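Spelled out, the chains give:
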Amino acid sequence: MKFKIAILGTGNVAWHLAPALEEAGHTVTEIYGRDLEKAIQLTKKLYTAEAQDSLDFSDSAAEIYILAVSDQAISELADEIILPEESILVHTSGAVAIDMLGYSSASYTGIFYPLQTFTKDREIDFAEVPFLLESDDQETLMKLKRLAKSLSPLQYVIKSKDRMALHVAAVFASNFSNHMLRLAEEIMYRKGLDYEMLKPLIIETISKSLELGAKKAQTGPALRSDFNTLESHYQFLNYNEQVAEIYRLISQDIIDSY
């Protein structure tokens with residue numbers, strides 16, 4: 001079953017999702033962007049989609065409208081968008097409840113959340129992306145399942161309260177772990193050391209954690225309660241009190257957890 005779809009948003013998720021939907025055989029009818037030029041840039045990656053900066057979709061042929069925008073913008077756009085009858089409005093956020101779409105002009109609402117980190121200049125294999133789906137209407141949910149299945153074999157029906165827990169876990173697993181790598185980069189560069197030396201360690205750490213489970217894979221001075229090393233590290237980091245405090249808090253949490 002193929003759908004006609006309008007994408008609202010021009011950020012990282014929209015940049016990857018719109019072409020993937022076309023490759024799966026669906027038709028992207030419109031790309032909405034507050035900045036029309038950004039919408040035009042995205043349509044250049046597509047076949048027939050038109051760019052627009054108006055939220056009036058009353059004459060659109062699309063059946064499904066995907067809000068691929070920041071969490072803060074979802075409620076505002078949902079309230080302002082003008083949709084044709086029998087339309088389905090969904091958003092792609094992991095943290096925003098389905099209720100935020102309840103005051104829109106859509107006949108049906110849902111969640112279409114791809115659980116992945118997206119960056120414009122890095123390719124994504126959607127076949128490996130889990131999609132978390134939700135709708136209070138069973139027919140709408142079935143359509144979202146078909147849409148997700150056309151992109152990935154991984155689909156899960158998750159209620160908003162559980163999706164929030166998953167999103168928080170994802171922030172720890174992805175955003176926070178990446179920030180730790182950035183701090184490691186800065187420490188190496190500050191001393192003129194080559195960050196490449198850490199890459200085998202990073203790869204082995206992630207692989208081992210996924211294979212054994214994070215708790216079994218944990219190593220380091222905090223696990224060993226090596227307080228002399230912990231204090232030396234803390235003193236070394238005193239050039240940046242905030243980073244030193246991050247080190248102290250995480251080390252203490254490891255100590256308390258084992």
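Definitions and limits used
Residues numbered from 1 in each chain as written. Predicted model: local features only at pLDDT ≥ 70, side-chain atom pairs only at ≥ 80, totals over all residues. Heavy atoms only, no water. Helix = DSSP H or I, 4+ residues; strand = E, 2+ residues; numbered from the N terminus. Buried < 20%, exposed > 50% of the residue type's maximum accessible area, 1.4 Å probe, protein only. Contact = heavy atoms within 4.5 Å. Areas by Shrake-Rupley, 256 points an atom, 1.4 Å probe, with all protein chains shown as cover. Lys, Arg positive; Asp, Glu negative; His and termini not counted. Charge placed at Lys NZ, Arg CZ, Asp CG, Glu CD. Pairing = 2+ DSSP bridges. Axes fitted to C-alpha atoms, helices over the stretch in contact; angles between N-to-C directions. Core = buried A, V, L, I, M, F, W, Y, C linked by side-chain atoms within 4.5 Å. 1 Å grid on protein atoms, 1.4 Å probe; cavity = no way out; pocket = protein on both sides within 12 Å on 5 of 7 lines; lining within 4 Å. Points joined across faces, edges and corners; volume = space filled by probe spheres on them. Nonpolar A, V, L, I, M, F, W, Y, C, P; charged D, E, K, R; others polar. Parallel < 35°, antiparallel > 145°, perpendicular 65-115°, else oblique. Left-handed = near helix turned anticlockwise from the far one by under 90°.

Caption draft 1: Spotlight on the overall build of the protein. Within the protein, the regular secondary structure consists of nine helices and eight strands. C-alpha atoms of the protein, sized along the principal axes, occupy 70 × 35 × 30 Å. Expressed as a percentage of the 258 residues in the protein, the buried residues total 37%. Taking the intrachain contacts of the protein between residues at least 6 apart in sequence as the baseline, contacts between residues at least 24 apart amount to 53%. Of the accessible surface of the protein, which amounts to about 14,800 Å², a share of 52% is contributed by carbon and sulfur atoms. Mean positive and mean negative side-chain charge positions of the protein (24 and 38 charges, respectively) differ by 6 Å.

Caption draft 2: Geometry of the sheet that holds strand 2 (residues 27–32). One open sheet holds the eight strands; their spatial order is 3-2-1-4-5-6-7-8, and the pairing between them is mixed. Each edge of the open sheet carries a strand with a single partner, namely strand 3 (50–52) and strand 8 (155–157). Neighbour to neighbour, the strand axes of the sheet diverge by 25° on average, direction disregarded. In this structure, strand 1 (residues 4–8) lies alongside strand 4 (residues 64–67), joined through four bridges in parallel fashion. Counterpart to Ala6 in the pairing with strand 4 is Tyr65. Docked against the sheet, helix 2 (residues 36–43) engages strand 2 and strand 3, running at close to 165° with respect to strand 3.

Caption draft 3: Representation of the nonpolar core. In terms of nonpolar packing, the biggest core is built from 32 residues, with Ile7, Leu21, Ile31, Ile66, Phe112 and Leu151 touching the most fellow members. When residues of this core are traced back to their parent elements, those giving at least two are strand 1, helix 1 (12–23), strand 2, helix 2, strand 4, strand 5 (88–91), strand 7 (131–134) and helix 4 (138–149). By residue number, the principal contributor to this core is helix 1, which donates six residues. For Phe112, the residues in contact, after removing those within four places along its chain, are Leu17, Ile66, Val90, His91, Thr92, Phe131, Leu132, Leu133, Leu144, Leu147, Ala148 and Leu151. Core analysis: the next-biggest nonpolar cluster, separate from the first, contains 17 residues, Ile74, Ala78, Leu83 and Ala106 among them.

Caption draft 4: A look at the layout of surface pockets. For the second largest pocket, the calculated volume is near 470 Å³. The wall of the second largest pocket is formed by 21 residues, among which Val13, Tyr113, Gln116, Thr117 and His167 lie closest to the centre. Within the residue set of the lining of the second largest pocket, elements represented by two or more residues are helix 1, strand 6 (108–114) and helix 5 (160–190). In terms of residue count, the dominant contributor to the lining of the second largest pocket is helix 5 (five residues). Along the lines of polarity and charge, the residues of the lining of the second largest pocket split into ten nonpolar, ten polar and one charged.

Caption draft 5: How the structure looks around the packing of helix 8 (residues 227–236) against helix 9 (residues 241–257). One way to put it is that helix 8 packs onto helix 9 with a least axis distance of 10 Å and a crossing angle of 160°. In terms of axis orientation, helix 8 runs roughly antiparallel to helix 9. Both helix 8 and helix 9 take part in a crossing whose hand is right-handed. Here helix 8 contributes Phe227, Leu230, His233 and Tyr234 to the contact with helix 9, which in turn contributes Ala244, Glu245, Tyr247, Arg248, Ser251 and Ile255. Here the residues of the contact of helix 8 with helix 9 are counted per class, giving six nonpolar, two polar and two charged.

These values are about where atoms sit, not about what they do.
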